[in-house]
Amino acid sequence: MAFDIDDELPDRESARQFYQKYDPKEVLGKGLSSVVRKCVEKGTGKEYACKIMEFNDDNDETRDATLREIQILKLVGGHPNIIDIIASFETPNYVFIVMELCPHGELFDYLTKVVRLSEKRTRQIMSSILAGVQHLHSYHVVHRDLKPENILMDSTMNVKITDLGFAAQVTDNVSLHDLFGTPGYMAPELLRCSQSDEEGLGYGLPVDLWACGVILYTLLSGLPPFWHRKQHLMFRMIMEGRYSMTGSEWDDVSETAKDLIRHLLVIDPDERYTAAQALQHSFFISERTRRIDFMPKRTLKAHIILVWSIYRLRTLHYRPQPIRGKDLLENPYRFKSYRKMIDSTAFLLYGHWIKKDEHRNQNRATLFQTTEKSVLVRHEQRSHDRQNSS
Ligand code: ADP
Ligand code: MG
(Lines give C-alpha, C1' and ligand atoms only; values in the text may rest on other atoms or scores of the structure.)
(Ligands and ions follow the chains in the order given, each with its own letter.)
Protein backbone atom coordinates (compact mmCIF):
# COMPACT_ATOMS: atom_id res chain seq x y z
CA MET A 1 0.00 0.00 0.00
CA ALA A 2 3.08 2.25 -0.17
CA PHE A 3 2.90 5.23 -2.47
CA ASP A 4 5.43 7.11 -4.51
CA ILE A 5 6.34 10.44 -2.93
CA ASP A 6 6.72 12.02 -6.37
CA ASP A 7 2.95 11.76 -6.88
CA GLU A 8 1.05 15.02 -6.54
CA LEU A 9 4.06 17.22 -5.80
CA PRO A 10 2.93 20.76 -5.02
CA ASP A 11 3.40 23.23 -7.83
CA ARG A 12 6.55 25.34 -7.34
CA GLU A 13 4.78 28.42 -8.63
CA SER A 14 1.93 28.07 -6.26
CA ALA A 15 3.22 30.24 -3.37
CA ARG A 16 1.97 33.18 -5.38
CA GLN A 17 -1.35 31.41 -5.47
CA PHE A 18 -1.19 31.05 -1.69
CA TYR A 19 -0.88 34.81 -1.16
CA GLN A 20 -3.50 35.47 -3.80
CA LYS A 21 -5.93 33.23 -2.01
CA TYR A 22 -5.05 33.63 1.69
CA ASP A 23 -4.11 36.40 4.13
CA PRO A 24 -1.61 35.12 6.72
CA LYS A 25 -2.42 36.22 10.31
CA GLU A 26 -1.05 35.63 13.82
CA VAL A 27 1.20 32.71 14.83
CA LEU A 28 -0.75 29.82 16.39
CA GLY A 29 2.19 27.65 17.29
CA LYS A 30 5.74 26.71 16.53
CA GLY A 31 7.25 23.30 16.13
CA LEU A 32 10.82 22.18 15.61
CA SER A 33 10.67 22.76 11.89
CA SER A 34 7.70 25.00 11.28
CA VAL A 35 5.61 28.03 12.11
CA VAL A 36 1.85 27.65 12.08
CA ARG A 37 -0.22 30.77 11.40
CA LYS A 38 -3.89 31.50 11.23
CA CYS A 39 -4.87 32.51 7.68
CA VAL A 40 -8.04 33.87 6.17
CA GLU A 41 -9.34 32.82 2.77
CA LYS A 42 -9.83 36.08 0.90
CA GLY A 43 -12.86 35.03 -1.12
CA THR A 44 -14.89 33.58 1.76
CA GLY A 45 -13.43 35.10 4.95
CA LYS A 46 -13.10 31.54 6.31
CA GLU A 47 -10.27 30.94 8.78
CA TYR A 48 -7.70 28.16 8.43
CA ALA A 49 -4.32 27.21 9.88
CA CYS A 50 -1.25 27.27 7.66
CA LYS A 51 1.92 25.35 8.49
CA ILE A 52 4.86 27.11 6.86
CA MET A 53 8.19 25.30 6.52
CA GLU A 54 11.36 26.94 5.33
CA PHE A 55 14.23 25.05 3.64
CA ASN A 56 17.76 25.76 2.59
CA ASP A 57 18.90 24.40 -0.72
CA ASP A 58 20.98 21.73 1.02
CA ASN A 59 18.30 20.10 3.19
CA ASP A 60 16.50 18.01 0.63
CA GLU A 61 15.76 15.34 3.22
CA THR A 62 13.58 17.71 5.24
CA ARG A 63 11.81 18.81 2.09
CA ASP A 64 11.13 15.17 1.17
CA ALA A 65 9.80 14.57 4.68
CA THR A 66 7.45 17.54 4.31
CA LEU A 67 6.19 16.32 0.97
CA ARG A 68 5.60 12.92 2.56
CA GLU A 69 3.67 14.66 5.36
CA ILE A 70 1.40 16.29 2.75
CA GLN A 71 0.79 13.01 0.98
CA ILE A 72 0.01 11.16 4.17
CA LEU A 73 -2.37 13.96 5.22
CA LYS A 74 -4.16 13.61 1.89
CA LEU A 75 -4.26 9.84 2.27
CA VAL A 76 -5.77 9.77 5.75
CA GLY A 77 -7.87 12.96 5.68
CA GLY A 78 -11.64 12.98 6.01
CA HIS A 79 -11.76 11.37 9.45
CA PRO A 80 -13.32 13.32 12.35
CA ASN A 81 -10.23 12.80 14.53
CA ILE A 82 -7.53 13.55 11.97
CA ILE A 83 -6.69 17.10 10.87
CA ASP A 84 -8.04 17.88 7.40
CA ILE A 85 -5.68 19.24 4.77
CA ILE A 86 -7.26 21.90 2.55
CA ALA A 87 -4.41 22.77 0.16
CA SER A 88 -0.62 22.85 -0.15
CA PHE A 89 1.77 25.19 -1.95
CA GLU A 90 5.49 24.89 -2.65
CA THR A 91 8.26 27.35 -3.55
CA PRO A 92 12.00 26.60 -3.75
CA ASN A 93 12.42 27.68 -0.11
CA TYR A 94 8.99 27.21 1.47
CA VAL A 95 6.17 24.73 1.74
CA PHE A 96 2.73 25.85 2.94
CA ILE A 97 0.16 23.40 4.23
CA VAL A 98 -3.32 24.86 4.69
CA MET A 99 -5.34 22.87 7.22
CA GLU A 100 -8.61 23.19 9.08
CA LEU A 101 -8.26 25.53 12.07
CA CYS A 102 -8.45 24.17 15.60
CA PRO A 103 -9.27 27.31 17.60
CA HIS A 104 -8.97 25.62 21.00
CA GLY A 105 -5.31 24.73 20.41
CA GLU A 106 -3.32 21.87 21.88
CA LEU A 107 -4.51 19.21 24.31
CA PHE A 108 -1.20 19.98 26.03
CA ASP A 109 -2.34 23.54 26.91
CA TYR A 110 -5.75 22.29 28.00
CA LEU A 111 -4.08 19.75 30.28
CA THR A 112 -1.70 22.38 31.66
CA LYS A 113 -4.73 24.50 32.55
CA VAL A 114 -6.80 21.77 34.20
CA VAL A 115 -3.80 19.63 35.42
CA ARG A 116 -5.73 16.37 35.22
CA LEU A 117 -8.99 15.27 33.69
CA SER A 118 -11.99 13.41 35.04
CA GLU A 119 -12.42 9.83 33.86
CA LYS A 120 -15.47 10.90 31.87
CA ARG A 121 -13.54 13.59 29.97
CA THR A 122 -10.54 11.27 29.58
CA ARG A 123 -12.87 8.65 28.12
CA GLN A 124 -14.17 11.12 25.51
CA ILE A 125 -10.71 12.38 24.55
CA MET A 126 -8.99 9.00 24.60
CA SER A 127 -11.66 7.28 22.51
CA SER A 128 -11.27 10.04 19.89
CA ILE A 129 -7.48 9.68 19.88
CA LEU A 130 -7.76 5.89 19.56
CA ALA A 131 -10.33 6.22 16.77
CA GLY A 132 -7.88 8.51 14.93
CA VAL A 133 -5.01 6.05 15.52
CA GLN A 134 -7.16 3.15 14.34
CA HIS A 135 -7.89 5.10 11.16
CA LEU A 136 -4.16 5.84 10.57
CA HIS A 137 -3.28 2.20 11.20
CA SER A 138 -5.94 1.02 8.77
CA TYR A 139 -3.76 2.76 6.14
CA HIS A 140 -0.62 1.23 7.73
CA VAL A 141 0.42 4.73 8.72
CA VAL A 142 2.37 4.98 11.98
CA HIS A 143 2.30 8.50 13.48
CA ARG A 144 5.45 8.18 15.63
CA ASP A 145 4.96 11.48 17.47
CA LEU A 146 1.68 11.18 19.34
CA LYS A 147 1.71 13.52 22.33
CA PRO A 148 -0.62 16.20 23.77
CA GLU A 149 1.20 18.92 21.75
CA ASN A 150 0.17 17.20 18.51
CA ILE A 151 -3.45 16.67 19.51
CA LEU A 152 -5.64 19.68 18.81
CA MET A 153 -9.15 20.70 19.79
CA ASP A 154 -11.55 22.11 17.22
CA SER A 155 -14.35 24.62 17.79
CA THR A 156 -16.56 21.94 19.39
CA MET A 157 -13.68 20.62 21.56
CA ASN A 158 -13.53 17.56 19.32
CA VAL A 159 -10.04 16.03 19.26
CA LYS A 160 -7.90 16.02 16.08
CA ILE A 161 -4.55 14.31 15.61
CA THR A 162 -2.12 16.55 13.75
CA ASP A 163 1.58 16.84 12.83
CA LEU A 164 2.21 13.85 10.62
CA GLY A 165 5.78 15.15 10.11
CA PHE A 166 7.26 11.91 11.50
CA ALA A 167 4.57 9.65 10.08
CA ALA A 168 5.52 6.73 7.84
CA GLN A 169 3.70 4.09 5.93
CA VAL A 170 4.74 0.56 6.84
CA THR A 171 4.20 -2.31 4.49
CA ASP A 172 3.64 -5.85 5.72
CA ASN A 173 6.72 -7.61 7.11
CA VAL A 174 8.81 -4.43 6.91
CA SER A 175 9.58 -2.70 10.16
CA LEU A 176 11.07 0.70 10.87
CA HIS A 177 14.42 1.33 12.51
CA ASP A 178 14.96 5.08 12.77
CA LEU A 179 14.86 6.90 16.06
CA PHE A 180 11.86 9.21 15.66
CA GLY A 181 9.63 10.74 18.29
CA THR A 182 9.70 12.61 21.59
CA PRO A 183 11.71 10.94 24.40
CA GLY A 184 9.00 10.52 27.08
CA TYR A 185 6.60 8.95 24.57
CA MET A 186 9.01 6.53 22.86
CA ALA A 187 8.19 2.84 23.00
CA PRO A 188 10.68 0.29 24.42
CA GLU A 189 11.11 -1.53 21.07
CA LEU A 190 11.93 1.78 19.34
CA LEU A 191 14.60 2.58 21.93
CA ARG A 192 15.91 -0.99 21.86
CA CYS A 193 16.44 -1.08 18.10
CA SER A 194 18.15 2.31 18.16
CA GLN A 195 20.51 1.12 20.91
CA SER A 196 21.42 -2.22 19.39
CA ASP A 197 23.01 -3.37 16.16
CA GLU A 198 21.10 -6.64 16.33
CA GLU A 199 19.63 -7.66 12.99
CA GLY A 200 15.89 -8.16 12.80
CA LEU A 201 15.04 -5.62 15.47
CA GLY A 202 12.55 -3.03 14.35
CA TYR A 203 9.25 -1.46 15.23
CA GLY A 204 5.90 -0.65 13.66
CA LEU A 205 2.35 0.47 14.40
CA PRO A 206 2.35 -0.57 18.11
CA VAL A 207 4.66 2.34 19.04
CA ASP A 208 1.58 4.60 18.67
CA LEU A 209 -0.33 2.52 21.21
CA TRP A 210 2.53 2.86 23.70
CA ALA A 211 2.29 6.64 23.24
CA CYS A 212 -1.49 6.38 23.80
CA GLY A 213 -0.73 4.61 27.10
CA VAL A 214 1.58 7.47 28.11
CA ILE A 215 -1.09 10.02 27.15
CA LEU A 216 -3.85 8.16 29.04
CA TYR A 217 -1.63 7.93 32.13
CA THR A 218 -0.87 11.66 31.90
CA LEU A 219 -4.50 12.73 31.38
CA LEU A 220 -5.66 10.82 34.47
CA SER A 221 -2.83 11.72 36.83
CA GLY A 222 -1.37 14.97 35.49
CA LEU A 223 2.07 13.31 35.60
CA PRO A 224 4.15 11.47 33.00
CA PRO A 225 4.67 7.74 33.65
CA PHE A 226 8.38 7.80 32.78
CA TRP A 227 10.43 10.70 33.94
CA HIS A 228 14.02 11.16 35.06
CA ARG A 229 16.22 14.22 34.94
CA LYS A 230 18.86 12.11 33.22
CA GLN A 231 17.48 10.99 29.89
CA HIS A 232 19.38 7.70 29.74
CA LEU A 233 17.82 6.69 33.06
CA MET A 234 14.38 7.62 31.74
CA PHE A 235 15.05 5.41 28.70
CA ARG A 236 16.01 2.58 31.02
CA MET A 237 12.71 3.00 32.92
CA ILE A 238 10.85 2.85 29.59
CA MET A 239 12.68 -0.24 28.37
CA GLU A 240 12.01 -2.01 31.68
CA GLY A 241 8.39 -0.80 31.66
CA ARG A 242 8.94 0.64 35.15
CA TYR A 243 6.09 2.94 36.15
CA SER A 244 3.72 3.10 39.10
CA MET A 245 0.10 4.03 39.71
CA THR A 246 0.28 4.23 43.48
CA GLY A 247 0.54 7.94 44.34
CA SER A 248 -2.35 9.85 45.90
CA GLU A 249 -3.39 11.14 42.45
CA TRP A 250 -4.41 7.54 41.62
CA ASP A 251 -6.67 7.12 44.67
CA ASP A 252 -9.84 8.10 42.84
CA VAL A 253 -8.94 6.50 39.48
CA SER A 254 -10.93 3.36 38.71
CA GLU A 255 -9.35 -0.09 38.36
CA THR A 256 -10.82 -0.22 34.84
CA ALA A 257 -8.82 2.83 33.74
CA LYS A 258 -5.65 1.45 35.34
CA ASP A 259 -6.26 -1.88 33.61
CA LEU A 260 -6.37 -0.18 30.21
CA ILE A 261 -3.06 1.58 30.95
CA ARG A 262 -1.56 -1.82 31.88
CA HIS A 263 -2.64 -3.19 28.48
CA LEU A 264 -1.08 -0.26 26.60
CA LEU A 265 2.20 0.19 28.48
CA VAL A 266 3.24 -3.38 27.65
CA ILE A 267 6.90 -3.93 26.78
CA ASP A 268 6.22 -6.60 24.17
CA PRO A 269 4.57 -4.89 21.16
CA ASP A 270 2.86 -8.16 20.17
CA GLU A 271 1.16 -8.34 23.56
CA ARG A 272 0.22 -4.66 23.56
CA TYR A 273 -3.39 -3.76 22.76
CA THR A 274 -4.13 -2.56 19.24
CA ALA A 275 -6.30 0.56 18.82
CA ALA A 276 -9.32 -1.68 18.07
CA GLN A 277 -8.71 -3.78 21.18
CA ALA A 278 -8.26 -0.67 23.33
CA LEU A 279 -11.57 0.73 22.06
CA GLN A 280 -13.24 -2.56 23.08
CA HIS A 281 -11.85 -2.30 26.64
CA SER A 282 -14.43 -1.99 29.41
CA PHE A 283 -13.13 1.54 30.18
CA PHE A 284 -15.04 2.56 27.03
CA ILE A 285 -17.53 -0.32 26.77
CA SER A 286 -18.92 0.05 30.29
CA GLU A 287 -19.82 3.65 29.55
CA ARG A 288 -21.55 2.65 26.33
CA THR A 289 -23.53 -0.22 27.91
CA ARG A 290 -24.34 1.94 30.89
CA ARG A 291 -25.82 4.40 28.45
CA ILE A 292 -27.86 1.73 26.69
CA ASP A 293 -28.77 -0.71 29.50
CA PHE A 294 -29.26 1.60 32.40
CA MET A 295 -30.81 4.48 30.55
CA PRO A 296 -34.44 3.41 31.32
CA LYS A 297 -33.66 3.02 35.02
CA ARG A 298 -31.85 6.36 35.13
CA THR A 299 -34.65 8.05 33.23
CA LEU A 300 -37.28 6.60 35.55
CA LYS A 301 -35.27 7.69 38.58
CA ALA A 302 -34.85 11.18 37.13
CA HIS A 303 -38.61 11.41 36.48
CA ILE A 304 -39.46 10.30 40.02
CA ILE A 305 -37.06 12.89 41.45
CA LEU A 306 -38.54 15.55 39.16
CA VAL A 307 -42.17 14.81 40.13
CA TRP A 308 -41.23 14.63 43.81
CA SER A 309 -39.38 17.97 43.59
CA ILE A 310 -42.33 19.66 41.88
CA TYR A 311 -44.70 18.27 44.55
CA ARG A 312 -42.37 19.46 47.33
CA LEU A 313 -42.12 22.92 45.80
CA ARG A 314 -45.87 23.28 45.33
CA THR A 315 -46.68 22.16 48.89
CA LEU A 316 -43.79 24.06 50.49
CA HIS A 317 -46.21 26.74 51.57
CA TYR A 318 -48.27 24.33 53.69
CA ARG A 319 -45.41 22.45 55.26
CA PRO A 320 -43.59 23.59 58.40
CA GLN A 321 -40.04 24.66 57.76
CA PRO A 322 -37.46 22.12 58.80
CA ILE A 323 -36.41 22.74 62.36
CA ARG A 324 -33.04 22.13 63.88
CA GLY A 325 -32.94 21.43 67.64
CA LYS A 326 -30.77 24.44 68.59
CA ASP A 327 -32.92 26.91 66.63
CA LEU A 328 -36.07 25.58 68.23
CA LEU A 329 -34.76 26.03 71.75
CA GLU A 330 -33.29 29.47 71.15
CA ASN A 331 -36.08 31.02 69.18
CA PRO A 332 -39.24 28.96 68.64
CA TYR A 333 -41.11 32.08 67.54
CA ARG A 334 -39.06 32.08 64.30
CA PHE A 335 -40.96 29.08 63.00
CA LYS A 336 -44.32 29.78 61.50
CA SER A 337 -46.09 26.70 62.85
CA TYR A 338 -44.77 27.25 66.37
CA ARG A 339 -45.53 30.97 66.13
CA LYS A 340 -49.13 30.15 65.25
CA MET A 341 -49.39 27.67 68.09
CA ILE A 342 -47.88 30.10 70.65
CA ASP A 343 -50.06 32.98 69.46
CA SER A 344 -53.26 30.99 69.50
CA THR A 345 -52.53 29.51 72.95
CA ALA A 346 -51.68 32.98 74.26
CA PHE A 347 -54.93 34.29 72.75
CA LEU A 348 -56.88 31.49 74.36
CA LEU A 349 -55.28 32.21 77.69
CA TYR A 350 -55.25 36.03 77.69
CA GLY A 351 -58.07 36.89 75.31
CA HIS A 352 -55.90 39.22 73.24
CA TRP A 353 -52.77 38.91 71.10
CA ILE A 354 -49.39 38.93 72.79
CA LYS A 355 -47.11 40.58 70.26
CA LYS A 356 -43.50 39.74 69.67
CA ASP A 357 -41.03 42.50 70.51
CA GLU A 358 -38.92 44.57 68.18
CA HIS A 359 -36.17 41.94 68.14
CA ARG A 360 -38.61 39.57 66.46
CA ASN A 361 -38.54 37.37 69.55
CA GLN A 362 -41.41 36.37 71.73
CA ASN A 363 -41.69 38.95 74.49
CA ARG A 364 -41.89 36.83 77.60
CA ALA A 365 -42.25 39.85 79.90
CA THR A 366 -45.52 40.76 78.16
CA LEU A 367 -46.82 37.30 78.94
CA PHE A 368 -46.30 37.72 82.68
CA GLN A 369 -47.55 41.31 82.76
CA THR A 370 -50.87 40.32 81.27
CA THR A 371 -53.80 39.05 83.28
CA GLU A 372 -55.38 35.78 82.34
CA LYS A 373 -58.65 35.64 80.51
CA SER A 374 -61.55 35.97 83.04
CA VAL A 375 -63.55 32.93 81.79
CA LEU A 376 -60.60 30.66 82.35
CA VAL A 377 -59.94 32.23 85.76
CA ARG A 378 -63.54 31.65 86.74
CA HIS A 379 -63.43 28.10 85.43
CA GLU A 380 -60.28 27.34 87.39
CA GLN A 381 -61.74 29.01 90.54
CA ARG A 382 -64.89 26.89 90.27
CA SER A 383 -63.04 23.58 89.96
CA HIS A 384 -60.83 24.63 92.89
CA ASP A 385 -63.93 25.37 95.08
CA ARG A 386 -65.51 22.07 94.06
CA GLN A 387 -62.44 20.18 95.20
CA ASN A 388 -62.45 21.94 98.59
CA SER A 389 -66.15 21.29 99.32
CA SER A 390 -65.97 17.56 98.54
P1 ADP B 1 5.83 20.68 14.03
O2 ADP B 1 5.91 19.54 13.07
O3 ADP B 1 6.83 21.72 13.73
O4 ADP B 1 5.80 20.22 15.47
P5 ADP B 1 2.93 21.05 14.18
O6 ADP B 1 2.13 20.58 13.01
O7 ADP B 1 2.92 20.17 15.38
O8 ADP B 1 4.41 21.39 13.74
O9 ADP B 1 2.41 22.49 14.59
C10 ADP B 1 3.06 23.22 15.62
C11 ADP B 1 2.02 23.83 16.55
O12 ADP B 1 1.18 24.75 15.83
C13 ADP B 1 1.05 22.82 17.15
O14 ADP B 1 1.61 22.17 18.26
C15 ADP B 1 -0.12 23.72 17.49
O16 ADP B 1 0.11 24.47 18.65
C17 ADP B 1 -0.14 24.71 16.31
N18 ADP B 1 -1.02 24.20 15.26
C19 ADP B 1 -0.71 23.33 14.29
N20 ADP B 1 -1.75 23.06 13.50
C21 ADP B 1 -2.78 23.80 13.97
C22 ADP B 1 -4.17 23.93 13.58
N23 ADP B 1 -4.67 23.27 12.54
N24 ADP B 1 -4.96 24.76 14.31
C25 ADP B 1 -4.45 25.41 15.39
N26 ADP B 1 -3.17 25.31 15.79
C27 ADP B 1 -2.33 24.52 15.11
MG1 MG C 1 4.34 19.13 16.52
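Chains are numbered independently. Their residues run from 1 in the order of the written sequence. A letter from A marks each chain and a number from 1 marks each ligand, given out in the order of writing. Given that this is a predicted model, residues contribute local features only at a pLDDT of at least 70 and side-chain atom pairs are listed and counted only at 80 or more, while totals for whole chains, interfaces and linings are drawn from all residues. The basis for the side-chain values is all heavy atoms of the structure; hydrogens and waters are excluded.

Q: I'd love a proper account of the pairing of strand β1 (residues 22-30), names of residues and values included.
A: A pair of strands is considered paired only if DSSP assigns at least 2 bridges between the two. Secondary structure counts use DSSP, requiring at least four H or I residues in a row for a helix and at least two E residues in a row for a strand, with both numbered from the N terminus. Pairing analysis gives six bridges linking β1 to strand β2 (residues 35-41), with the strands arranged antiparallel. From the neighbouring strand, Asp23 faces β2, where its bridge partner is Val40.

Q: So, the packing of aromatic side chains: which residues are in play, and what are the values?
A: Planes of paired rings set the category: under 30 degrees apart is stacked, over 60 is edge-to-face and the rest tilted, where pairs are Phe, Tyr or Trp rings (Trp by its six-membered ring) whose centres lie within 6.5 Å. Applying the stated rule across the entire model yields 15 aromatic pairs. An angle of 65 degrees between the planes, with centres 5.5 Å apart, marks the rings of Phe18 and Phe89 as edge-to-face. Taken together, the positions of Phe18 in helix α1 (residues 14-21) and Phe89 in strand β4 (residues 85-90) put the pair 71 residues apart, joining distant regions of the chain. Pairwise contacts between aromatic rings join Phe18, Tyr19, Tyr22, Tyr48, Phe89, Tyr94 and Phe96 into one cluster. Over the ring of Phe283 we find Arg123, and its NZ or CZ is 4.8 Å from the ring centre. We count a charge as sitting over a ring when the NZ of a lysine or the CZ of an arginine lies within 6 Å of the ring centre and within 35 degrees of the ring normal.

Q: Go over the site of ligand 1, please, and point to the residues and values.
A: Near ligand 1 you find 20 residues, and of these Ser34, Lys51, Glu100, Glu106 and Asp163 are the closest. In this structure, an oxygen atom belonging to ligand 1 sits 2.7 Å away from a side-chain N or O atom of Ser34. Each polar contact in these results corresponds to two N or O atoms within 3.5 Å; when the atoms are within protein, one needs to be able to donate a hydrogen and the other to accept it, and residues that are neighboring in sequence are counted only if both atoms are side-chain atoms. Here an oxygen atom of ligand 1 sits 2.9 Å away from a polar atom, N or O, in the side chain of Asp163. Summarising the interface, the protein chains cover 92% of the accessible area of ligand 1, which totals 550 Å² for the free molecule. Looking at the shell around ligand 1, the elements with two or more residues in it are β1, β3 (47-54) and β5 (94-100). Ranked by residues supplied to the shell around ligand 1, first place goes to β1 with three residues. The rule for a residue being near a molecule or strand is that one of its heavy atoms must lie within 4 Å of it. Per-residue accessibility takes into account occlusion by the displayed protein chains alone, with areas from the Shrake-Rupley method and a 1.4 Å probe.

Q: Lay out unusual backbone geometry with the relevant residues and their values.
A: In this structure, Val115 takes a positive phi of about 70 degrees despite not being glycine. Within the secondary structure, Val115 sits in the loop between α3 (107-114) and α4 (119-138). At Arg144, a position not held by glycine, the phi torsion is positive, near 70 degrees. Tracing the chain through its elements places Arg144 in the loop between β6 (141-142) and β7 (151-153).

Q: Account for the environment of Asp252, naming residues and giving values.
A: With respect to the helices, strands and loops of the structure, Asp252 is situated in the loop between α7 (231-239) and α8 (255-264). Residue classification places Asp252 among the exposed positions, given a relative accessible area of 60%. Sequence spacing of Asp252 and Ser118 is 134 residues, and the spatial spacing of their C-alpha atoms is 9.7 Å. Two residues form a contact once any of their heavy atoms are found within 4.5 Å. Those residues in contact with Asp252, other than ones at most four positions away along the chain, are Arg116 and Glu119. Engagement of the side chain of Asp252 in a polar contact is seen with the side chain of Arg116, the distance being 3.2 Å. Accessible area is worked out with a 1.4 Å probe on protein chains only. A residue is then buried under 20% of its type maximum, exposed over 50%, and partly exposed in between.

Q: How would you explain the sheet that holds β1 if you had to name every residue and give the values?
A: With respect to topology, five strands assemble into an open sheet ordered β1-β2-β3-β5-β4, the strand pairing being antiparallel. Edge positions in the sheet fall to β1 and β4, since each of these pairs with one other strand and no more. Taken over all neighbouring pairs, the strand axes of this sheet differ in orientation by 25 degrees on average, direction set aside. As paired elements, β4 and β5 share five bridges and run antiparallel to each other. In the sheet register, Glu90 faces β5, and the bridge partner there is Val95. Angular values range over 0 to 180 degrees, each being the angle between N-to-C directions of two axes fitted as lines to C-alpha atoms, with helices fitted over their stretch in contact. Sheet contacts for helix α2 (residues 60-76): β3, β4 and β5; angle to β5, the most-contacted strand, approximately 25 degrees.

Q: How would you sum up the confidence of the model for the protein chain? Please name residues and give values.
A: Per-residue pLDDT for the protein chain averages 85, and the proportion of residues at 70 or more is 80%. A residue's pLDDT is the predictor's confidence in that residue, given on a scale from 0 to 100. Ignoring residues within four places in sequence, the model shows residues 1-9, a span with pLDDT below 50, making 19 contacts including any to other chains.

Q: Run through the coordination of the magnesium ion (ligand 2), naming residues and quoting values.
A: Here the term donor refers to an N, O or S atom within 2.8 Å of the metal (or 3.2 Å for Na, K and Ca), and because water is left out of the atoms, sites may appear incomplete. Protein ligation of the magnesium ion (ligand 2) involves Asn150 (OD1) and Asp163 (OD), the donor distances falling in the range 2.1 to 2.3 Å. A residue pair is termed long-range when its members are at least 10 positions apart, and Asn150 in the loop between β6 and β7 and Asp163 in the loop between β8 (159-161) and β9 (168-169) qualify at 13 residues. With relative accessibility at 7%, the residue Asn150 sits in the buried group.

Q: Lay out α8 with the relevant residues and their values.
A: Turning to α8, its buried residues are Ala257, Lys258, Leu260, Ile261 and Leu264. Within α8, the buried residues cover an arc of 155 degrees as seen down the axis, which keeps them to one side. The arc refers to the directions leading from the helix axis to the C-beta atoms.

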